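Structure at a glance
Listed below, chain by chain, are the residues.
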Amino acid sequence: MQKTIVAAAVLFTGAGVCLAQPAGITREMIERALPLEGAPLAEPGPYKVTTEGAFGSPGHRIFRPATLDAFPKKDTLPVMVWGNGGCAIDSARYSGFLTTIASHGFLVLGTVPQEGAQQRRATADDLRAAIDWAEKENARTGSPLKGKIAVDKVAVMGQSCGGFLSIALGADPRVKTIGVFNSGVQPSRAAQAQGNAAPSAPPPAFPTADDLPKLHGPVLLINGHEPDFMMAQSVATFDMINHVPAFYGARHNAGHTATVFHPGGGEFANVASNWLLWTLKGDKTAGRMFTGKNCSLCTNSNWDVRSKGIKE
């Protein structure tokens, strides 16, 4: 069963195309979202956002505040690197979600296909290269971002297969926190060798339970509820994390794509933005979504949540 789940997550591309239909996992299951009617709307931040190609890096696209006067004098500009569902290269379908996050004062980077390049999936190296780019751009003469990027405040987030990539990048010492949406690790390599679970699928290599001790910052695990076929894997991953703070949330009636394709990314964009505002900017108001027994997600009847090591 584990192998089937992984294959479905991989074969779903960011453009909404399922390259194959593994037994038991249908395209409808993969694309199931929270119904838009009555769902919370995305809450943009104070900054108007511009999107453009990353200078000198044709495989990346950035989303950032259009006017940079406030950075770093009155605000910080941390980095969030995003991994797409299906480990797709093209981040276009997630542009609303990524724009909402950027509007709260973040430099957001996604991957894009390069003209003439062979079609492939994104890997952890693509996301690592985005962090490298931000560091170089912060020092590049002539860059509008020179001296404005908080290169010591980096997050990696991803959805489904992109969530696997965020876990893999969590070992990078530059990454302060990760967000794992509708995803989780594979069983340990020992368990796979014993035949308790099928081996991981072909590249990109997926993280296993053996990789969790390499994480060194807070972990956000968010998924749909029972309609999301990755729910069990997500909560199992939460259960295995015991050395860093972790927050788990399952949104009732949300499927595998939940709200990421709602206008502006919907409710999941709000959760991601508040997590980043809290962990990278120290915004205690945003942190109230996750901290304390009366945290806003804790008292929201639409959510089942658990946490460990989360301090106010």
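Residues numbered from 1 in each chain as written. Predicted model: local features only at pLDDT ≥ 70, side-chain atom pairs only at ≥ 80, totals over all residues. Heavy atoms only, no water.

**What about the packing of aromatic side chains?**
Going through the model one piece at a time under the given rule, you end up with 14 aromatic pairs. Centre to centre, the rings of Phe-97 and Phe-181 are 6.1 Å apart; their planes meet at 85°, and the pair counts as edge-to-face. Taken as a pair, Phe-97 in helix α3 (residues 95-102) and Phe-181 in strand β6 (residues 175-181) lie far apart in primary sequence, 84 residues in all. Judged by relative accessible area, which is 0%, Phe-97 ranks as buried. Ring plane angle 45° and centroid distance 6.0 Å describe the contact between Phe-181 and Phe-268, whose orientation is recorded as tilted. Pair noted here: Phe-181 is in strand β6 and Phe-268 is in helix α8 (residues 266-281), with a separation of 87 residues, a long-range link. Exposure class is identical for Phe-181 and Phe-268. Each is buried. Across from the ring centre of Phe-55, 3.6 Å away, lies the NZ or CZ of Arg-140, which sits over that ring. (Phe/Tyr/Trp six-rings, centres within 6.5 Å; stacked < 30°, edge-to-face > 60°. Helix = DSSP H or I, 4+ residues; strand = E, 2+ residues; numbered from the N terminus. Buried < 20%, exposed > 50% of the residue type's maximum accessible area, 1.4 Å probe, protein only. Lys NZ or Arg CZ within 6 Å of the ring centre and 35° of its normal.)

**Some points on the packing of helix α4 (residues 124-139) against helix α5 (residues 161-169)**
Between α4 and α5, whose axes approach to 9 Å, the crossing angle comes to 60°. Classified by the angle their axes make, α4 and α5 are oblique. With respect to the hand of their crossing, α4 and α5 are arranged in right-handed fashion. Residues Ala-124, Leu-127, Arg-128 and Ile-131 of α4 form the contact with α5, whose participating residues are Leu-165, Ala-168 and Leu-169. (Axes fitted to C-alpha atoms, helices over the stretch in contact; angles between N-to-C directions. Parallel < 35°, antiparallel > 145°, perpendicular 65-115°, else oblique. Left-handed = near helix turned anticlockwise from the far one by under 90°. Contact = heavy atoms within 4.5 Å.)

**A look at the state of the cysteines**
One pass over the structure, following the stated rule, counts two disulfides. A sulfur-sulfur distance of 2.0 Å marks the disulfide that ties Cys-87 to Cys-161. Taking the sign of the torsion about the S-S bond as the criterion, the disulfide between Cys-87 and Cys-161, at about -85°, is left-handed. Taken together, the positions of Cys-87 in the loop between β3 (79-83) and α3 and Cys-161 in helix α5 put the pair 74 residues apart, joining distant regions of the chain. Classification of Cys-87 by relative accessible area gives buried; the value is 0%. The residue that forms a disulfide with Cys-295 is Cys-298, at a sulfur-sulfur distance of 1.9 Å. Between Cys-295 and Cys-298, the S-S dihedral sits near 90°, and the bridge is therefore right-handed. Judged by relative accessible area, Cys-295 falls into the buried class, the value being 0%. Here the disulfide map of the protein reads 1-2, 3-4, the bonded cysteines being numbered as they appear in the sequence. (Disulfide = S-S within 2.5 Å.)

**Structural notes on the pairing of strand β1 (residues 49-54)**
Within a regular strand, side chains alternate between the sheet's two faces. Where β1 lies against strand β2 (residues 57-65), six bridges are found, and the strand directions are antiparallel. Opposite Val-49, over in β2, you have Pro-65 as the bridge partner. Connecting β1 to the antiparallel partner β2 that follows it, the hairpin turn spans two residues, and Gly-56 within it adopts a positive phi of roughly 75°. (Pairing = 2+ DSSP bridges.)

**Looking at the pattern of salt bridges**
All told, the structure shown has 13 salt bridges when counted by the stated rule. A salt bridge links Asp-239 to Arg-306, with the nearest nitrogen and oxygen atoms 2.8 Å apart. Placement of the pair is Asp-239 in helix α7 (residues 231-240) and Arg-306 in strand β9 (residues 303-308), with a sequence separation of 67 residues. A relative accessible area of 36% places Asp-239 in the partly exposed class. One salt-bridge network, held together by shared partners, links Asp-125, Arg-128, Asp-132, Glu-135, Asp-172 and Arg-174. (Salt bridge = Lys/Arg side-chain N within 4 Å of Asp/Glu carboxyl O.)

From the geometry alone we can't say anything about function, so treat these as descriptive.
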